[in-house]
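Each chain, letter by letter, is given below.
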Amino acid sequence: MKGVAAILGLVVLATMLSPVAASGSLGEADYYHPYPYGLVPGDIVIGHSPLTGIIIPGYWTHTGMIAYYDYSANDWVIVEAWNNPSEVRLVYLSDFLRRYDTVAVLRVKTSDYVREAAVEFALEQLGKPYDRHWWTKHIYGDSYYCSELVWAAYMAAGGPDLDSHPGFYWRYLDGVAPQEIYDDPMTYTIYYDSS
C-alpha cells in the first residue's frame, strides 16, 4: 500500500510538470507511425534516427520509458534522458513517435510490481542533467543518458539487468546502448513500425 501511495504521489508531481512544454521534437523530422495500444507503465520505447545513427553504436539510437497515461491530453507520457535541454524530462509518446523513422515498444519480462518500481525510480530522476559519459553506466548517480536511465531504473527495482553485454564489451565499452536493451533476452517487442 505504501508503494502505491508513493507511485500516486509521483504521478501527481509528474502531472504538474506537464510534458507539453517539454515535447522536444527534433524539428528536422516529422515521421508518422500508428499509435501503439496495449501499453503499460514500464514499457520501453525505442527509436532509430538516421541523424544520430553514425554516433551511437547499433541500429537503435534513443530510448525512454512509459511512465503514465495523461487523460487530459489523451496520450502516454514518457520519462527520458534528453540532451537538449540536457536533462531527464517528460515527453508525450506522440512527440516521441514523430522524432524517429523506426520505433518499437519493448516489454520487460518481469512482474507489474518491478515495472512500477522502475517507473517510480525513473520519475525520481526528473530534472537531473544528461550524462555525456556514454562509455560507462551507474545505477545511482547525478546524471543519466537515455539507455542508462532505463537500465538503472530496472536495476534499482531489483532487475532484470537489461544490458545484453554486462561488463566491458568492445562495441559498447562499459556503457549500455539502446541496441543492448533491444537485444536483451529479458525484453520482447510488442510494437514495431518503420516509415
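Keep in mind it's a predicted model, so treat the numbers as computed, not measured.

Q: What is the right way to read the pairing of strand E4 (residues 86–92) from this model?
A: The two faces of the sheet receive side chains in turn, since in a regular strand these alternate between them. The buried count for E4 comes to 5 of 7 residues, which makes it a mostly enclosed element. Relative to E4, strand E3 (residues 75–83) runs antiparallel, the two being bridged by 7 bridges. Pairing of Val-77 across the sheet is with Tyr-92, part of E4. Hairpin connection between E3 and E4: a loop of 2 residues separates the two successive antiparallel strands.

Q: I would appreciate a short explanation of the nonpolar core in the present structure.
A: Note on soluble globular proteins: their nonpolar side chains tend to be buried together. Grouped together as the largest cluster of nonpolar side chains are 34 residues, with contacts concentrated most on Ile-44, Met-65, Val-79 and Tyr-154. Mapped by element, the contributors of at least two residues to this core are strand E1 (44–48), strand E2 (62–70), E3, E4, strand E5 (102–108), helix H3 (112–124) and helix H4 (146–156). With residues near it in sequence (within four places) discarded, Ile-44 still touches Thr-63, Gly-64, Ala-104, Val-105, Leu-106, Val-108, Val-150, Tyr-154, Leu-162 and Ile-181. By size, the runner-up hydrophobic cluster in this structure holds 14 residues, among which are Val-45, Ile-66, Val-103 and Tyr-191.

Q: Could you clarify how one ought to interpret the confidence of the model for the protein chain in this entry?
A: Note that predicted coordinates carrying low pLDDT should not be read in detail. Predicted confidence across the protein chain gives a mean pLDDT of 83, with 75% of residues reaching 70 or more. Between the elements of the protein chain, mean pLDDT differs from a low of 42, seen in helix H1 (residues 2–16), to a high of 98, seen in H3.

Q: Before we go on, may I ask you to explain the sheet that holds E1 in this structure?
A: Strand pairing in a sheet is mediated by backbone hydrogen bonds. Such pairs are either parallel or antiparallel. Strand order in the open sheet formed by 6 strands is E4-E3-E2-E1-E5-E6, and the pairing between neighbours is antiparallel. At either margin of the open sheet sits one strand with a lone partner, and together these are E4 and strand E6 (187–194). This sheet shows a mean twist of 30 degrees between the axes of neighbouring strands, independent of strand direction. Contacting E1, E2, E3, E4 and E5, H4 crosses the sheet at an angle of about 60 degrees to E2.

Q: Any chance you could explain the packing of aromatic side chains here in plain terms?
A: Two aromatic rings are characterised by how far apart their centres lie and by the angle between their planes. Within this structure, the stated rule accounts for 9 aromatic pairs. Between Trp-60 and Tyr-182, the ring centres sit 5.0 Å apart and the planes meet at 40 degrees, which makes this aromatic pair tilted. Residue Trp-60 is located in the loop between E1 and E2, and its partner Tyr-182 is located in helix H5 (residues 178–183); the two are separated by 122 residues in the primary sequence. Taking relative accessible area as the criterion, Trp-60 reaches 2% and is therefore assigned buried. Judged by its relative accessible area of 24%, Tyr-182 falls in the partly exposed class. Grouped by ring-pair contacts, the aromatic residues Tyr-59, Trp-60, Tyr-182 and Tyr-192 constitute a single cluster. A cation sits over an aromatic face here: Arg-99 above Trp-82, 4.1 Å from the ring centre. A cation over an aromatic ring shows up here: Lys-137 above the ring of Trp-151, its NZ or CZ 5.3 Å from the ring centre.

Calculation criteria
Residues numbered from 1 in each chain as written. Predicted model: local features only at pLDDT ≥ 70, side-chain atom pairs only at ≥ 80, totals over all residues. Heavy atoms only, no water. Buried < 20%, exposed > 50% of the residue type's maximum accessible area, 1.4 Å probe, protein only. Helix = DSSP H or I, 4+ residues; strand = E, 2+ residues; numbered from the N terminus. Pairing = 2+ DSSP bridges. Core = buried A, V, L, I, M, F, W, Y, C linked by side-chain atoms within 4.5 Å. Contact = heavy atoms within 4.5 Å. pLDDT = per-residue confidence, 0-100. Axes fitted to C-alpha atoms, helices over the stretch in contact; angles between N-to-C directions. Phe/Tyr/Trp six-rings, centres within 6.5 Å; stacked < 30°, edge-to-face > 60°. Lys NZ or Arg CZ within 6 Å of the ring centre and 35° of its normal.

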